[in-house]
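Spelled out, the chains give:
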Amino acid sequence: MEDRIRNVMAAVFDLPPDKISDDSSPHQIAAWDSMKHLNLVLALEEEFDIRFEEAEIPSLVNFKIIAATIRAYVE
């Protein structure tokens, strides 16, 4: 699952997957702006066939949080 998240994030932010780490966040990724955040959310929803709650979307701000949130949906 983490590789899938890493690949989605890499595609959205136009980075190699090995540049996505547990600490990847808007502070480490210059391309992570509000529009890219929405693109990331949509891409993750499509990849995992889930729909995030509206209140969760602003908190999806780093790889660890994203992975934990998705894990709650798919496990």
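Residues numbered from 1 in each chain as written. Predicted model: local features only at pLDDT ≥ 70, side-chain atom pairs only at ≥ 80, totals over all residues. Heavy atoms only, no water.

K.L.:
Mind showing me how you'd approach the overall build of the chain here?
P.N.:
Assigned secondary structure in the chain consists of 3 helices and 0 strands. Counting from the amino terminus, helix and strand elements in the chain follow one another as α-α-α. Its C-alpha atoms give the chain a radius of gyration of 11 Å, near enough to 11 Å, the size a compact globule of 75 residues would have. Referenced to the eigenvectors of the C-alpha coordinate spread, the extents of the chain come out at roughly 30 × 25 × 20 Å. Evaluated residue by residue, the chain yields a buried proportion of 37% over its 75 residues. Entry remark: accessible area of the chain is about 4,700 Å², with carbon and sulfur atoms responsible for 50%. Distance between charge centroids for the chain: 5 Å, based on 7 positive and 15 negative side chains. (Helix = DSSP H or I, 4+ residues; strand = E, 2+ residues; numbered from the N terminus. Rg over C-alpha atoms; globule rule 2.2 N^0.38 Å. Buried < 20%, exposed > 50% of the residue type's maximum accessible area, 1.4 Å probe, protein only. Areas by Shrake-Rupley, 256 points an atom, 1.4 Å probe, with all protein chains shown as cover. Lys, Arg positive; Asp, Glu negative; His and termini not counted. Charge placed at Lys NZ, Arg CZ, Asp CG, Glu CD.)

K.L.:
Where do I start with the environment of H37 in this structure?
P.N.:
With respect to the helices and strands, the residue H37 is situated in helix α2 (residues 34-48). For H37, a relative accessible area of 12% corresponds to the buried category. Sequence separation of H37 and P26 is 11 residues, and the distance between their C-alpha atoms is 8.9 Å. Discounting chain neighbours no more than four positions away, the residues touching H37 are W32, I57, P58 and L60. (Contact = heavy atoms within 4.5 Å.)

K.L.:
It is not clear to me how the side chain of R6 should be interpreted in this structure. Could you clarify?
P.N.:
Relative to the elements of secondary structure, R6 occurs in helix α1 (residues 2-13). Under the relative-accessibility criterion, R6 is labelled buried at 16%.

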